[in-house]
Amino acid sequence: MGADFGRYRGTESRQRVEGRLPQWLRRRPKAAAHDAAENREALLLAAAAAGLPLAPAAHPVGYRCSCERVGCPTPARHPLSFAWQTQSTTDSAQVERWVEGQPEANFITATGMVHDVLDVPLEAGRSALERLLEAGVDVGPVAEFGAGNGDEARLLFFTATRGTPDDEDEWWPCELDCHPETMDEHPGLRWHCRGSYVLVPPAKLPGEHEVSWVRGLEHPLPDPLTLLETLTDACARYVGEDDPDDHHAVAWPLGR
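Anyway, here's the lowdown on the structure attached to this text. (Residues numbered from 1 in each chain as written. Predicted model: local features only at pLDDT ≥ 70, side-chain atom pairs only at ≥ 80, totals over all residues. Heavy atoms only, no water.)

1. A look at unusual backbone geometry
Threshold: Here a helix means four or more residues in a row that DSSP labels H or I, a strand means two or more in a row labelled E, and each is numbered from the N terminus. With a 1.4 Å probe rolled over the protein chains alone, any residue whose accessible area is under 20% of its type maximum counts as buried; one over 50% counts as exposed, and the rest are partly exposed.
For the peptide bond that leads from Pro-201 to Pro-202, omega is -5°, which places it in the cis range. Examined against the element boundaries, Pro-202 turns out to sit in the loop between β10 (197-199) and β11 (203-205). With a phi angle near 65°, Ala-76 is a residue other than glycine that sits in the positive phi range. Among the secondary structure elements, Ala-76 is positioned in the loop between β3 (64-65) and α2 (84-87). The exposure class assigned to Ala-76 is buried, which follows from its relative accessible area of 0%. One non-glycine residue, Glu-208, adopts positive backbone phi at about 65°.

Okay, here's the thing in structure tokens:
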């Protein structure tokens with residue numbers, strides 16, 4: 001009887017464990033999702049605290065955009081509101097309300113207010129980042145956009161803005177200036193300043209691609225001119241490898 005008792009106890013114990021296992025497995029994704037949501041909120045609040053004006057953006061639904069626009073040209077990469085420039089804010093309470101009310105939304109940060117973004121193809125950006133760090137240049141925050149997504153993958157260098165002077169004559173125009181409607185015109189280096197925006201990490205893109213920090217917001221925003229020469233050179237090399245006859249990969253900024 002002792003052997004039978006041990007056998008039956010072992011069977012019952014195993015059944016109890018196996019009975020709990022599916023419940024435990026169901027809890028794990030919920031816990032992971034909760035942790036991811038908390039981390040997302042923390043990163044967005046840190047961005048707002050660092051002075052990056054934020055506004056809600058679309059998010060991916062499979063390979064489509066949540067805006068449900070047929071043939072959306074920038075799926076999961078555009079603001080939800082046409083008034084995003086005036087809506088963008090660093091107010092933590094407002095950002096918290098957006099995050100809680102729209103748990104799947106991406107967020108954009110409006111450039112040209114506090115910061116600009118120098119936006120380059122991923123491989124060119126990685127090469128430039130390595131050179132800049134080796135040279136001891138103070139590189140600021142850097143985000144990776146859509147790694148693994150071919151030509152769409154980019155590296156975003158966050159810098160101080162050129163400013164928003166009251167006198168329009170004091171504005172420094174640049175042939176690299178990029179706006180949402182001119183994205184396709186800047187396959188090399190894009191300079192996001194007034195009237196433009198970029199996705200701020202963490203963000204999700206169609207096809208399970210992401211936008212994430214490579215260097216965080218603890219790094220001060222550098223003067224964009226300290227990065228520009230290295231970035232333009234890296235872009236010229238990058239495009240030149242694809243097309244040796246292309247001499248118009250990058251445009252230099254205009255003078256005042």
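The discussion continues.
2. Observations concerning a nonpolar patch on the surface
For clarity, the threshold we go by: Surface patches are drawn from residues lacking salt bridges whose relative accessible area is over 30%; two like charges belong together within 9 Å, two nonpolar side chains (Val, Leu, Ile, Met, Phe, Trp, Tyr) within 5 Å. Computed by Shrake-Rupley with a 1.4 Å probe, the accessible areas treat only the displayed protein chains as cover when residues are assessed. A carboxyl oxygen of Asp or Glu within 4 Å of a side-chain nitrogen of Lys or Arg is what we treat as a salt bridge.
Together, Met-113, Val-114 and Leu-221 line one region of the surface with nonpolar side chains, adding up to about 210 Å² of accessible area. Following the sequence through the fold, Val-114 ends up in the loop between β4 (106-110) and β5 (115-121). Its relative accessible area of 36% is what places Val-114 among the partly exposed residues.

3. Looking at the pattern of salt bridges
This structure, assessed with the given rule, holds 9 salt bridges. Where Arg-237 meets Asp-233, a salt bridge forms, and the shortest distance between an N and an O atom there is 2.9 Å. Of this pair, Arg-237 and Asp-233 both sit in helix α5 (residues 225-242), 4 residues apart, which is roughly one turn of the helix. On the basis of relative accessible area, Arg-237 is assigned to the exposed category, the value being 52%. Its relative accessible area of 27% is what places Asp-233 among the partly exposed residues. A cluster of three or more residues bridged by salt bridges with shared partners is formed by Asp-119, Arg-154 and Arg-190.

4. Observations concerning the sheet that holds strand β9 (residues 190-192)
Operational definition: Any two strands with at least two DSSP-identified bridges between them are counted as paired. Throughout, a contact is declared for two residues whenever any of their heavy atoms are within 4.5 Å. Axis lines are fitted through C-alpha atoms, for helices just across the contact stretch, and the angle between N-to-C directions can take any value from 0 to 180 degrees.
On the basis of which strands lie adjacent, the open sheet formed by 7 strands has the order β8-β9-β5-β7-β6-β12-β11 and mixed pairing. With one partner strand each, in any of the chains shown, β8 (177-178) and β11 form the two edges of the open sheet. As defined by bridge partners, strand β6 (residues 142-145) adjoins strand β12 (residues 209-215) across 4 bridges and the pair is classed as antiparallel. Its bridge partner being in β12, Phe-145 is matched across the sheet by Val-211. Of the strands in this sheet, β5, β6, β7 (154-160) and β12 are in contact with helix α4 (residues 122-134), which crosses β7 at around 50°.

5. Some thoughts on the nonpolar core
Put simply, the test is: Side-chain atoms within 4.5 Å link the members of a nonpolar core, which is a set of buried Ala, Val, Leu, Ile, Met, Phe, Trp, Tyr and Cys residues.
Ranked by internal contacts, the top residues of the largest apolar core, which has 22 residues, are Phe-157, Leu-189 and Leu-231. Secondary-structure elements contributing two or more residues to this core are β5, α4, β7 and α5. Phe-157 has contacts with Asp-116, Val-117, Leu-118, Val-120, Gly-125, Leu-129, Leu-132, Val-139, Pro-141, Val-142, Leu-227 and Leu-231, leaving out every residue within four places of it along the chain. Formed by 15 residues, the second largest nonpolar core is a distinct cluster that contains Ala-47, Leu-54, Val-95 and Val-117.

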